[in-house]
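Below, each chain spelled out in residue letters.
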Amino acid sequence: MPSRNSTPCLRRLTGHTRRRPTSHVHFRLLFPPDANFNVDISPNSPWNHASRANLYAFGEQKAAQLAELELLTSMFPTLEELEIVDQLALAELRDYAGAEGSPSVSTESPPAPPPSSRPQFVIKQRLEDDTGDAEGDNKSVDFILTCTYPPEYPSVVPELTVRCCGLSRAQQTQLHAGLKAHLADSCLGDVCVLSALEWLRDNLRAFVDKSSSAPMPPARTCDTASPPLREAFSRLWIYSHHIYNSTKRKNILEWAKELGLSGFSMPGKPGIVCVEGAQGACEEFWSRVKNLTWKRITIRHREDVGLRDKPSNQSIDNLRKFSGFEEAAFDPRGTRGNHMDLGLLYQFLQEKGCCDVFQMYFGVEGRR
C-alpha cells in the first residue's frame, strides 16, 4: 500500500484527484539527450515497408549477384574476357552481402541500407566458325555483352546490351528482343548471365549471316538536279555530373580514337566531353557512352553541318577545331583533385574558337 504522503505526488502528476481505472495503459519512454538513432523512416525505406522475410529475400538477391560475379570472374579471369566497369559497386555489394551471403535481419535494429550503385561488367567473346572453306579460312564473330544488375535481380531480368559490328541497328534490336524474351521465359528468378551467353552462342551467328546475305540496295543514278548526299559533320558537347572512374575515362579515349573523332575530355566534377567528326561516328560514340552507368549525363549542345550545300572542297577535316583527341586537365584543385580551374578551361576553349559553349555549360560568361 502506498503511504499517505505519496498520494499528493500522484495527484500532482496526473492532474486529477481521483480517476477510474481503464483498460488503456500509456507509456512514456525517456531517452538520454545524447541518444542517436539512425533509423530510416522514409517512404522508400525497406524497414518501413517490408517485412523481415522480404528483407531477407532482398539480402538473398544481393548474395546471388555476388555469387554469380565471383563465378564469372573465375570463368573469365583476364581483362580481355571480363571487365568490371565500377569496382566501387562491387566493393559495396561485397560489404552488403557479407560473409554469410545475406545481411542480418534483426528485430532490434533496422538493416543496413542497400548499396547505392549497381554492378556493371563487360564480357568479350569470340565465336569461331566451324564451317570454313577447304583452306581453313574460318570467319570469327566478336561480340561484347554489357550487363547491369538492377537492385531486384535475379527476380527481374538484368539490363543487357549486345554489340556486334556485323549487325545493323535493326538486327541488334531484334537480337535484344529475342534475348530478353528467352531470359524472361526460362530464367526469371535465377541468375542468367551464363544462359544469356549460351543463347548468344547459339543464335548470334544466324543474325550475322542474315546481315551479310542481305542484298545491297540498288545504286541510285546521278541526278543533275540534286547533288549526291555527302556525309554530315557533327560536334557534340557532352556534360556529366562527374567523371572519376578510370575505366570510363579509358573507354572515352579509346572509343574516340577508334571512331576517328577529335576533341577532348575533362575529368573531375563536372565532367566535359567534346567529340567532333563524321555524324555517324559521333552518334555511335554517344550511344556507347550513355549506356555506361552515370549519375547524370546529357548532350548540352550540338553542332551539325550538312556538307551537301558546302563547296566541293569542304570536308570534315576542314571543319575540325581539334587536331586529335586528348584528356585535358586544368590545374586540378580540391582535396581529391577533382575540381578544374574554369578560367583555364575558358582560355583553352577561346584558343580553339569555341568559347561560346562555356556559357552553355555554366550559365555565365567566361573570363581569362
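Residues numbered from 1 in each chain as written. Predicted model: local features only at pLDDT ≥ 70, side-chain atom pairs only at ≥ 80, totals over all residues. Heavy atoms only, no water.

Chemist: Any chance you could explain the overall build of the protein chain here in plain terms?
Modeler: When its secondary structure is counted, the protein chain shows eleven helices and nine strands. A burial count over the protein chain gives 35% of its 368 residues as buried. When contacts within the protein chain are restricted to residue pairs at least 6 apart in sequence, long-range pairs at least 24 apart make up 70% of them. (Helix = DSSP H or I, 4+ residues; strand = E, 2+ residues; numbered from the N terminus. Buried < 20%, exposed > 50% of the residue type's maximum accessible area, 1.4 Å probe, protein only. Contact = heavy atoms within 4.5 Å.)

Chemist: What is the right way to look at the environment of Phe325 in this model?
Modeler: Along the polypeptide, Phe325 turns up in strand 9 (residues 325-327). When its relative accessible area of 10% is taken as the criterion, Phe325 is described as buried. Separated by 49 residues in sequence, Phe325 and Glu276 have C-alpha atoms that sit 9.3 Å apart. Dropping the residues within four chain positions of it, Phe325 is found in contact with Ile252, Leu253, Ala256, Lys257, Leu261, Ser262, Gly263, Phe264, Ser265, Val273, Cys274 and Val275.

Chemist: Which parts of the structure should I look at to understand helix 7 (residues 246-258)?
Modeler: Since the α-helix turns once every 3.6 residues, residues separated by three or four places project in the same direction. Here helix 7 spans 18 Å end to end across 13 residues, near enough to the 18 Å set by a 1.5 Å rise per residue. Along helix 7, the positions that sit buried rather than exposed are Thr247, Lys248, Asn251, Ile252, Trp255 and Ala256. Viewed end-on, helix 7 has its buried residues packed into an arc of 155°, placing them on one side of the element. Exposed and facing more than 90 degrees away from the buried side of helix 7 are Ser246 and Lys257. Elements in contact with the buried residues of helix 7: strand 1 (82-84), strand 6 (262-266), strand 7 (271-278), helix 8 (279-290) and strand 9. N-cap assignment for helix 7: the residue whose side-chain oxygen lies 2.8 Å from the backbone N of Thr247 is Asn245. (Expected span 1.5 Å × (residues − 1). Arc of directions from axis to C-beta. Polar contact = N/O pair within 3.5 Å; in protein donor to acceptor, adjacent residues only side chain to side chain.)

Chemist: Please clarify how a nonpolar patch on the surface should be interpreted in this entry.
Modeler: On the surface, Leu71, Met75 and Leu194 cluster together to form a nonpolar patch covering roughly 230 Å² of accessible area. Take Met75: it is sitting in helix 3 (residues 52-75). (Patch = residues over 30% accessible without salt bridge, like charges linked within 9 Å, V, L, I, M, F, W, Y side chains within 5 Å. Areas by Shrake-Rupley, 256 points an atom, 1.4 Å probe, with all protein chains shown as cover. Salt bridge = Lys/Arg side-chain N within 4 Å of Asp/Glu carboxyl O.)

Chemist: Please clarify how the pattern of salt bridges should be interpreted in this entry.
Modeler: Any two side chains of opposite charge can pair if their charged atoms end up close together. Inspection of every chain in the model, using the stated rule, returns eleven salt bridges. Here Arg235 makes a salt bridge to Glu303, at a shortest N to O gap of 2.7 Å. Of the two residues, Arg235 is situated in strand 5 (residues 233-240) and Glu303 in strand 8 (residues 297-305); the sequence distance between them amounts to 68 residues. We classify Arg235 as buried; its relative accessible area is 3%. One network of salt bridges, with partners in common, ties together Arg235, Glu276 and Glu303.

Fair warning: the whole summary comes from geometry, so function is off the table for now.
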